[in-house]
Amino acid sequence: MNSGTMSLVIPAYNESEIIENTAKVVVNILKEANIPFKVLFVNDGSKDDTWEKIRKISKEYDCIDGICFSRNFGKEAAIFAGLQYAKGDCVAVMDSDLQHPPETLVEMYQKWLEGYEVIEGIKASRGKEGIVYKIGAKSFYKIISDATGIDMSTSSDFKLMDRKVVDSIISLPERHLFFRALSSWVGYKTTYVEFEVQERIGGESKWSFSSLVKYAVRNITTFSTAPMQIVSFAGIIFCILAIVIGIRAVYQYFVGIALGGFTTVILLILILGAIVMLSLGIIGYYIAKIYEEVKGRPRYIVSKTAKEEEK
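Residues numbered from 1 in each chain as written. Predicted model: local features only at pLDDT ≥ 70, side-chain atom pairs only at ≥ 80, totals over all residues. Heavy atoms only, no water.

Chemist: Just checking my understanding: could you explain the environment of Asp-48 for this structure?
Modeler: Summarising the element assignment, Asp-48 is placed in the loop between strand E2 (37–43) and helix H2 (50–60). Assessed through its relative accessible area of 28%, Asp-48 is described here as partly exposed. Sequence separation of Asp-48 and Asn-14 is 34 residues, and the distance between their C-alpha atoms is 5.6 Å. Once residues lying within four places of it in the same chain are set aside, the contact partners of Asp-48 are Asn-14, Glu-15 and Ser-16. Within the structure, Asp-48 has its side chain in polar contact with the side chain of Ser-16 (distance 3.1 Å). Of the polar contacts made by the side chain of Asp-48, one reaches the side chain of Thr-50; its length is 2.6 Å. (Helix = DSSP H or I, 4+ residues; strand = E, 2+ residues; numbered from the N terminus. Buried < 20%, exposed > 50% of the residue type's maximum accessible area, 1.4 Å probe, protein only. Contact = heavy atoms within 4.5 Å. Polar contact = N/O pair within 3.5 Å; in protein donor to acceptor, adjacent residues only side chain to side chain.)

Right, dumping it as structure tokens:
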């Protein structure tokens, strides 16, 4: 394999325990496969000494560089920064904890040489996950899959893309982007490579339950209008219910039956009030998203790069 350089983007947040080992493993595998490559670590405002470790390995390896955010902007921002800074003929993205097996990069690169422009890493299994997490993930991907028309139940951020695909993605003007779905949305000639999710080589996952919920809500509203459609559906249901109750009330009035059901009225008011407040909340969230887009602030701010600091 010696045709076309691969850039490998690896976002990192508080991964000082494993970052050096990750670099060593990735470099050894890609060199052994005779793939021309560059590795770009993106330090997403880590609070530990992740950046110092990235600077260290960038001095040890000419093929490794790093960029450092001024603060934590989130994984999506780190991925897009990597895509913008990467200069390879193809660009791969993988996690820093080696749960994405780097050996799969060799197979992805071979698929790219065969002419595929998007090579998606598909999870053969979801690994060790709790039942609540699995149910939440299934619901999340069901909504996203309906929005894109593509099955994303086993999708991941682990993928390799041709330069033209990367250019198409980074040219999109919106501030809030969902990388995992956009790589499917842009189209191009796509194939899939299965991989087994590995155990973390060290450290702990940075994803808490609350952060996963926020991640799901943000990306659902970014990539789909499903919540707005749910509100509309609820409105139709309650409109039908109101018509049925109205017909019942008119019938009882004409036949002389006193209309009881004070409890029913109270419950209906409470339910309708809850639906209205929920609807306003969802609408307000979309308006907030519009407000953030209109301001036009950058997705991230790079404070320094590893190679520049070496000079």
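So that's the structure; there's more coming.
Chemist: Would you explain helix H6 (residues 163–170) in this entry?
Modeler: Note that an α-helix has 3.6 residues per turn; residues three or four places apart therefore point the same way. Those residues of H6 not exposed but buried are Val-165, Val-166 and Ile-169. One side of H6 holds all its buried residues, which, seen down the axis, span an arc of 100 degrees. Of the residues that open H6, the one with a side-chain oxygen 3.1 Å from the backbone nitrogen of Lys-164 is Asp-162. (Arc of directions from axis to C-beta.)

Chemist: Looking at this structure, how should I read the packing of helix H3 (residues 75–85) against H6?
Modeler: When two helices pack together, their arrangement is captured by the angle between the axes and the distance separating the axes. One way to put it is that H3 packs onto H6 with a least axis distance of 10 Å and a crossing angle of 125 degrees. With respect to H6, the element H3 is oriented oblique. H6 is crossed by H3, and the crossing has left-handed handedness. Counting all contacts with H3, which are made through Phe-80, Leu-83 and Gln-84, the residues of H6 involved are Arg-163, Val-166, Ile-169 and Ile-170. Looking at the contact of H3 with H6 residue by residue, the class counts come to 5 nonpolar, 1 polar and 1 charged. (Axes fitted to C-alpha atoms, helices over the stretch in contact; angles between N-to-C directions. Parallel < 35°, antiparallel > 145°, perpendicular 65-115°, else oblique. Left-handed = near helix turned anticlockwise from the far one by under 90°. Nonpolar A, V, L, I, M, F, W, Y, C, P; charged D, E, K, R; others polar.)

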